[in-house]
Amino acid sequence: MGFLSRFFKVGDSKKKAKERLQLVLIHDRADISAGMMEMLRKDIIEVISRYMEIDESQIELELEKENKSVALVANIPIVKVKRNYRNVKTSSNKGE
Amino acid sequence: MNARIIVVTSGKGGVGKTTVTANISVALAKEGYSVVAIDADIGLRNLDVVMGLENRIVYNLVDVVEGSCRLEQALVRDKRVDNLYLLPAAQTRTKDAVSPEQMVELCEALRDSYDFVLIDSPAGIEGGFKNAAVAADEALVVATPEVSSVRDADRIIGLLESEGKKSISLIVNRYRSSMVKKGNMLDVTDVSEILAVKLLGVVPEDEAVVVSTNKGEPLSMGYSSPAAKAFRDICHRILGKDIPLKYPDENEGKGFWEGIKSLFRL
Ligand SMILES: Nc1ncnc2c1ncn2[C@@H]1O[C@H](COP(=O)(O)OP(=O)(O)OP(=O)(O)O)[C@@H](O)[C@H]1O
Ligand SMILES: [Mg+2]
């Protein structure tokens, strides 16, 4: 500990409080929007299914916190890739 | 007239909703506006004692919605400030004595005759909070700079947003700049950044709040203390004036040496 910091003892509980709050709120807010995760899951399945056959029952989709950041982590088992994926209709030409 | 209906709420209990409601109501009335302060904390009424009007109550909010009296009969007029009225809560009833529809009807009846209606919400996120918030166009969320209070405020803001409230702003109460300086309290920017709503004001920790509550005379009646100043600034910002934000010092009111002493209390 340096001379100055020993004299002006600066607490770090403020920093701790802020970090803890930021993390707990990500969790709280994600909880409120459980419905949003369900919609996201459906949309992901729809998009990926245009290109490959996936095992819907094995999909894992969740928010993970690591240190100070949060990531959307998806684990989607592929059964097989479609042969005619080049002909798939994307949402941009769906209306044709 | 077309009153602005404002709910004062927090989620967490004991952070200063009633103190804020009383002081802002008095401050707005002193600026010449007509104000009704409604105590929506049914069963645990307190706004009456904080405002010092507890001895003059005859009827209450539940009497009005049940039709036992007319709305004007239940309004307690404050004799110290012109155009300030209290609609007290019932003390011996429970929250479900009133429905959201009845609250809307009651507030709409006040809208034509007053400039401001301020509603003191109970703590929590259940029926009592919903009744307090349902009729409001605007919300003031009170939070202290502590993890649990900010977290609950975040939840309340989420609920208010999903109810479609167009104006939600934040009041940080019981701010202690000496602790912030020592790195032992969340500072105002931390709190407002995390909650991401407009910051309307910062009220310092102030012993004068307790003294004024003891007497039943809200600080805004004409005291000068750091918290009184903060309430006045908040009132002016509600009225649309551009008052720069200050981070008030809880030592401001004390003498010079006392301030120095508490600064160096290690
Ligand atoms: N800025 C302040 N400085 C010092 N004391 C304060 C301050 N604000 C509030 N208090 C004190 O904190 C206590 C709680 O305040 P208040 O009753 O206004 O909170 P509340 O949110 O309405 O509580 P409840 O959730 O029970 O309704 C009171 O004793 C009050 O005097
Ligand atoms: Mg209260």
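Scroll up for the structure.
**Here's the deal with the interface of chain A and chain B**
Alright, step 1. At the interface, 16 residues of chain A touch 15 residues of chain B.
Alright, step 2. Taking both partners together, chain A and chain B bury about 1,400 Å²; carbon and sulfur atoms supply 57% of that area.
Alright, step 3. Broken down residue by residue, the surface that chain A buries against chain B is led by K14, K18 and L21 of chain A, which jointly contribute 39%.
Alright, step 4. In this structure, D154 of chain B and R29 of chain A form a salt bridge, with 2.4 Å as the shortest nitrogen-oxygen distance.
Alright, step 5. The interface formed by chain A and chain B holds ten residue pairs in polar contact (both at pLDDT 80 or more) in total.

**Quick notes on the site of ligand 1**
All names here are of chain B.
Alright, step 1. Ligand 1 sits among 17 residues. The nearest are G14, K17, T18, T19 and N173.
Alright, step 2. V15 is positioned with one of its backbone polar atoms (N or O) 3.2 Å from an oxygen atom of ligand 1.
Alright, step 3. For ligand 1, whose accessible area on its own is 630 Å², the fraction buried by protein is 79%.
Alright, step 4. Of all the elements in the fold, those that place two or more residues in the shell around ligand 1 are α1 (17-30), β7 (167-175), β8 (198-204) and α10 (207-215).
Alright, step 5. Looking at the shell around ligand 1 residue by residue, the classes come out as five nonpolar, seven polar and five charged.

**So, the packing of aromatic side chains**
Each aromatic ring pair is characterised by the separation of its centres together with the angle its planes make.
Residues and elements named next belong to chain B.
Alright, step 1. As enumerated under the stated definition, the model contains two aromatic pairs over all chains in all.
Alright, step 2. For the ring pair Y33 and F116, a centre distance of 5.7 Å and an interplane angle of 85° mean the geometry is edge-to-face. In this pair, Y33 sits in the loop between α1 and β2 (35-39) while F116 sits in strand β5 (residues 116-120), placing the two residues 83 residues apart along the sequence.
Alright, step 3. Classification of Y33 by relative accessible area gives partly exposed; the value is 30%.
Alright, step 4. With a relative accessible area of 3%, F116 lands in the buried category.
Alright, step 5. Pairing Y85 with Y114 gives two aromatic rings, centres 5.6 Å apart and planes at 70°, and the pair type is edge-to-face. Taken as a pair, Y85 in strand β4 (residues 84-87) and Y114 in the loop between α5 (100-111) and β5 lie far apart in primary sequence, 29 residues in all. In terms of burial, Y85 and Y114 fall into one category: buried.

Definitions and cut-offs
- Residues numbered from 1 in each chain as written.
- Chains lettered and ligands numbered in written order.
- Predicted model: local features only at pLDDT ≥ 70, side-chain atom pairs only at ≥ 80, totals over all residues.
- Heavy atoms only, no water.
- Contact = heavy atoms within 4.5 Å.
- Buried area = accessible area lost by both parts, 1.4 Å probe.
- Salt bridge = Lys/Arg side-chain N within 4 Å of Asp/Glu carboxyl O.
- Polar contact = N/O pair within 3.5 Å; in protein donor to acceptor, adjacent residues only side chain to side chain.
- Near = heavy atom within 4 Å.
- Areas by Shrake-Rupley, 256 points an atom, 1.4 Å probe, with all protein chains shown as cover.
- Helix = DSSP H or I, 4+ residues; strand = E, 2+ residues; numbered from the N terminus.
- Nonpolar A, V, L, I, M, F, W, Y, C, P; charged D, E, K, R; others polar.
- Phe/Tyr/Trp six-rings, centres within 6.5 Å; stacked < 30°, edge-to-face > 60°.
- Buried < 20%, exposed > 50% of the residue type's maximum accessible area, 1.4 Å probe, protein only.

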